[in-house]
Amino acid sequence: MAELLIVDNDQLARREICTIIKESKYHFLSIYESSTVQRGLLLLKQSQPSALIIDLSLPDMDGIKFGRTALQLYPTLPVIVVTQLKMFELAQDAINSGFSSYLLKPLSKNELIETFDRVLAPEISSELNNGTNKQSGQFLSDIKNPIESTIQYIQLNYGEQLTLKGIADLVYLSPSYFSRLFKEDTGMTFVEYLSFVRVQKAKGMLRLSSLPIEVIANNTGFANSSYFATAFKKIVGKTPSEYREQFHWKASASLKA
């Protein structure tokens, strides 16, 4: 996956984090930004990131509450707090909520990278093992939260053959009602979301592995490399080959430097 979501209404702080990451060994991370919880929650549901960075002073929800909401969606998601609030009670709340780190602004580059080394490196290594992230296990549908259950199922099984009817059956909804509910909750149709997730997974494989594009297409659930290339360019704006080449070029330039 290798994506990072930053939710902070301080644009300069978000820019500082992005600069640190782009100049570090984690430059390959795709970064999504939001200044509000409402937008951040939508991005969180659309693409389960590798980590979430949040400020505690958000305009539409308390940061601790948002972090807890994120962990309800994805219990293993690393949540990193970056804040100006140097208060023991808040730090204790963050720790008790299961957050991974509590960093103070102005942000220290070394602290952020050390935090990434601790919470990100193991996950990225596991994800890229054999170029796939297929996981097994029994699917437990939450009838009260069918769309959240669906999102988690897709994140785990994106490489399989998934259909709207098949997923609707899993969460005990009619296909038509499920389709409408999914669009209302995520802002995407089921097919759009499935393609989006598969392309995000493929981006990580293209950046961090030398697997053939045909293999990546197969591992991420696309019927063939041609359809994969079409879907990828529609979402990313570049073909898989063009996208991979830009990262290989950066790596070569870095070595020469």
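This text follows the structure it describes.
A word on the pattern of salt bridges
Stage number 1. For the structure on display, the rule yields seven salt bridges.
Stage number 2. A salt bridge links Lys105 to Asp8, with the shortest nitrogen-to-oxygen separation between them at 2.8 Å. Residue Lys105 is found in the loop between β5 (101-104) and α5 (109-119), and its partner Asp8 is found in the loop between β1 (3-7) and α1 (11-22); the two are separated by 97 residues along the sequence.
Stage number 3. According to the relative accessible area criterion, Asp8 is buried, its value standing at 2%.
Stage number 4. With a closest N to O distance of 3.4 Å, Asp55 and Lys105 form a salt bridge. Of the two residues, Asp55 is situated in the loop between β3 (51-54) and α3 (63-73) and Lys105 in the loop between β5 and α5; the sequence distance between them amounts to 50 residues. Each member of the pair, Asp55 as well as Lys105, carries the same accessibility label: buried.
Stage number 5. Ionic contacts of the salt-bridge type, sharing partners, join the residues Asp8, Asp55 and Lys105 into one network.

Description of the packing of aromatic side chains
Stage number 1. What the rule picks out here adds up to 10 aromatic pairs.
Stage number 2. When the centroid spacing of 5.4 Å and the interplanar angle of 85 degrees are considered together, the rings of Tyr26 and Phe116 count as edge-to-face. Of the two residues, Tyr26 is situated in the loop between α1 and β2 (30-34) and Phe116 in helix α5; the sequence distance between them amounts to 90 residues.
Stage number 3. Note on Tyr26: relative accessible area 4%, which makes it buried.
Stage number 4. Summarising the aromatic geometry, the rings of Phe178 and Phe182 are spaced 5.8 Å apart at their centres and angled 45 degrees between planes, so their arrangement reads as tilted. Within this pair, Phe178 and its partner Phe182 are both found in helix α9 (residues 175-186), separated by four residues, close to a single helical turn. Phe182 carries the same exposure label as Phe178, and that label is buried.
Stage number 5. Joined through ring pairs, the aromatic side chains of Phe222, Tyr227, Phe228, Phe232 and Tyr243 make up one cluster.

Cut-offs applied
Residues numbered from 1 in each chain as written. Predicted model: local features only at pLDDT ≥ 70, side-chain atom pairs only at ≥ 80, totals over all residues. Heavy atoms only, no water. Salt bridge = Lys/Arg side-chain N within 4 Å of Asp/Glu carboxyl O. Helix = DSSP H or I, 4+ residues; strand = E, 2+ residues; numbered from the N terminus. Buried < 20%, exposed > 50% of the residue type's maximum accessible area, 1.4 Å probe, protein only. Phe/Tyr/Trp six-rings, centres within 6.5 Å; stacked < 30°, edge-to-face > 60°.

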